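Results of the structural survey
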Amino acid sequence: MKKILVFFLVFPAFAFTAGAAVPVSGKIVEAASGSPLEYANIVLLSLPDSSFVAGAVSGEEGLFRLENVGVGRYLLKVSYIGLENRFVPVDVSAAAVELGDIGLSEANALGEVVVTARTPPFRTGAGGGIVASVSTTLLSTVGTAGDVLQRMPGIIADEEGRLTVFGKGAPIVYINNRKVRDMSELERLESTEISTVELISNPGAKYDAEGRAVLLIKTKTRINGFSAQLTERLRQGNYPGDNENVSLSYTKDRLNLFATYNHNYGKQSMSEYHYFTLKDADGEWAHTAFIPDFLYFNRSQQAGAGFDFSVNDRHAVGGQYQLYDMFHKDVTSIAATTHLNDVPYEASQSQSLRNGSSYQHLVNAFYNGDFGGRFSMRFDFDYMKNHDDMTQRSDETVNAAEINTVDISNETDYELYAGKLTGGYKSPAGLIEFGGEYNRISGNGFVRSNGYADNSGFTNTEQKSAAFVSYSHTLASVNLAAGLRYEYTSESYTDGVAPEPVIDRSYSDFYPNISLSTRMRNVDLSLAFNRRTSRPNFEQLNGNVLYVNRFLFQKGNPYLSKSNIYDVNLQARLKSFYLNLGYNYIENPVRPFFEEQDGNANSLLLTSVNFPKSQELNATLNFNHKIAFWQPNWTAGVSKPFFSAMYEGKMVAYNMADYFFRAYNDLALPAGFVLSLNFLYQSNSMYGYVESKGYQRFDAGLRKSFFDNALRLNLMGYDLFDRVKGRDFMQLNNLRWTSDRKRETRYATLSVTYIFNNYSRKYRGKSAAQDDLNRF
């Protein structure tokens, strides 16, 4: 830590030697009406070679600001969908440059200016983040928002398609300042609707302390008009599936009305094989469990509606309501055997049917205010009600004896109230942001069984209050951003059919962050330190026993403590290369834990516990540069974990390094076709004491737009050679476990999308609950 502190102190000294640099700012407006244009793309080009220097996107009031621009002559290119590009000469000396209003019109002659540079798909954002320019690059044609995010430097998708930021875990995602609570929403947002995506790997104090990485998605906008988007997405693997999405929006002057509906049906199959050994006083138990054909069905619907109203140019209000409803069913057959000291002990067959349903109501409201151009205020409110229920029936035959029937049912209900107030003050001395938030979550649930699991119930109440302040300022060529967040949390938990208090505790903590960013010659540099936290989710805290099968039970641990996380990151960009170096130290990490179920070695209980600590070093290198009709996007990464756990009475280190290589290749073919050839290699990797076998994956696709982008077809094939297979190995205490599984990773999709006036204004609210919604 002393070395890190020295680096933060020395880093600015080197940065100042890069030479004086000043900001360039202005406001983008529609020439005819003078209305501000949000999400206009701004690119600063050097003269005379027109090479890329910096870029930005205009904000809600059309304002933009380019930091750290060196002395010289430049050309500013401004582009906006549906309007002509505008080119503005810029001369930078020792003083800040204010360009004033820059109007865009339907027709604008370029004179004799010739621009030879292409807008790069990625650039460095304020504070060292990575910004993807989607609307002006081939990224706009890849399919959905999920497809765009997978191409961001530092973001990877696991074998099940879940997105993670390398070295950071799952990110918090916002679409136009509204938090995404259901990641499937990313598959309902088409890439052609997106203006920019920003990855913040060092979130500031205004974000919840659990967010180690944040993704900000901004969509395109148009001042007035009606828009409609209809999408049919067909999926064919072992079984067919379909997804239908309807999105409507109407904007008239200052009022925006919108409504959405989505329906999804899916059916997938999977096979699994488990083998584990466990040693106790009786000797060595050996268990095998084979699941030849696990079938999973799900059907879901989501509907929403809302409004966004600008009272005037400085004040806006809005609200929306969303309803989510889902039904799922799975059918499982299990053949299992048990040996004790190599002697057959038990053989069983079981057939299990589970039916589950859930619904969720979500209400969000917001207010945005701008007072005099320097002071701004924002208020967000959330209410959510969530219900889940499930029934399970398992018929089991043991040693060819009569059939035992196990019936289990459970229900859980949660409610959330959340509010957040954020203020900001801009001055020549920098930007100060401050605010506070309050969240309250209450829940209850029960489990009922005919004797094979405990009848139980629980209640859970959690309240969190937070206050934060942050400051950012650019001095010479160095941008400094620092913040401090304080959180106070209280928790109460009861357990049992007749509820008895189990937990009644409270804790508080401070979470600082600091970052320094600069530009040295042609290299963008950013160094950041952040202290974050991770709280157990409600499934991990739930003390009810869940019957999985006769060999495996699952139970949460209400005694889990939060984890403290310390992150250090160094980022560098040189033209088309991005380098990220990271280190994290985690106190009290939560990991899965196995133990005997009620002292019976013939069955296991899966729960969660806090381990003392874990550490990780990681690095990624990305290359992205357009070469004629070929757009390569290649990323290589390596990570080295440091984790220890007990096995057979000895402390064992699980420090195996892992690496990956990902190559996205988009080729622009004649007649407007785009061909994608994508490859992923993942080596063996460690998560705590669990080792996962590596895999390779090859995807290919072809897409094309018709009728001026109104109709789009996208055909994709995933895991064409069926090489993605899961295998995990673990050893902990007196247990060794090997698991093989084959999910349905080879499949094809065909998307047909019709868009009428797709550049409609999007809702500007955001979630006050932040990552608490992720815990359900």
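Turning our attention to the pairing of strand β45 (residues 726-732). Of all seven residues in β45, five are buried, a share of seventy percent or more. Relative to β45, strand β42 (residues 690-692) is paired through three bridges, and the arrangement is antiparallel. For valine 690, the partnering residue across the bridge sits in β45 and is methionine 730. One ladder, built from seven bridges, connects β45 with strand β46 (residues 735-743); its direction is antiparallel. Bridge assignment links arginine 727 to a residue of β46, and that residue is aspartate 740. Joining the antiparallel neighbours β45 and β46 is a turn of two residues, in which asparagine 733 adopts a positive phi near 55°.

The next thing to look at is unusual backbone geometry. Its identity is not glycine, yet asparagine 588 carries a phi of approximately 60°, on the positive side. Along the polypeptide, asparagine 588 turns up in the loop between β32 (577-587) and β33 (590-597). Given the relative accessible area of 31%, asparagine 588 is considered partly exposed. Of note, aspartate 719 is a non-glycine position whose phi angle comes to about 50°, a positive value. When you line up the elements, aspartate 719 lands in the loop between β44 (711-718) and β45. A residue is classified by how much of its surface remains accessible, and aspartate 719, at 1% relative accessible area, is buried.

On to the pattern of salt bridges, then. Enumeration over the complete set of coordinates arrives at 26 salt bridges. Glutamate 437 is the partner of arginine 485 in a salt bridge, and the nearest nitrogen-oxygen pair spans 2.6 Å. Of this pair, arginine 485 sits in strand β26 (residues 478-495) while glutamate 437 sits in strand β24 (residues 430-449), and the two are 48 residues apart along the sequence. Glutamate 437 carries the same exposure label as arginine 485, and that label is buried. Note that arginine 573 and aspartate 524 form a salt bridge whose closest N and O atoms lie 2.7 Å from each other. Here aspartate 524 lies in strand β28 (residues 523-534) and arginine 573 lies in strand β31 (residues 563-574), a separation of 49 residues in the sequence. For arginine 573, a relative accessible area of 6% corresponds to the buried category. Connected through shared salt-bridge partners, Arg151, Asp666 and Arg703 make up one network.

Let us now look at the confidence of the model for the protein chain. Predicted confidence across the protein chain gives a mean pLDDT of 84, with 88% of residues reaching 70 or more. Here residues 758-763 scores under 50 on pLDDT; set against residues more than four positions off or in separate chains, the count is 41 contacts. Contacts for the low-pLDDT stretch residues 769-776, under 50 throughout, to residues beyond four places or in other chains number 45 contacts.

Hydrogen bonds between backbone groups are what pair the strands of a sheet, and the pairing can be parallel or antiparallel. As summarised here, the arrangement of the six strands in space is β8-β9-β14-β15-β12-β13, forming an open sheet in which the pairing is mixed. Where the open sheet ends on each side, the last strands, each with one partner, are β8 (122-124) and β13 (178-179). Here six bridges tie strand β14 (residues 194-200) to strand β15 (residues 214-219), and the two strands are oriented antiparallel to one another. Note on β15: the bridge partner recorded for valine 197 is isoleucine 217.

Reading guide: rules and limits
Counting from 1, residues in each chain are numbered in the order their sequence is written. This being a predicted model, a pLDDT of at least 70 is required before a residue's local features are given, and a value of 80 or more before pairs of side-chain atoms are given or counted; all residues contribute to the totals for chains, interfaces and linings. For the side-chain quantities, the full set of heavy atoms in the structure was used; hydrogens and water were omitted. The buried label applies to any residue whose accessible area, calculated with a 1.4 Å probe on protein chains only, is under 20% of its type's maximum; exposed applies above 50%, and partly exposed to all values in between. Note on conventions: DSSP H or I runs of at least 4 residues are helices, E runs of at least 2 residues are strands, and numbering of each starts at the N terminus. Pairing between strands is defined by DSSP: at least two bridges between them are needed. Think of a salt bridge as a Lys or Arg side-chain nitrogen and an Asp or Glu carboxyl oxygen that are within 4 Å of each other. Known as pLDDT, the predictor's confidence for each residue is given on a scale from 0 to 100. Between two residues, a contact is recorded if the distance between any of their heavy atoms is within 4.5 Å.

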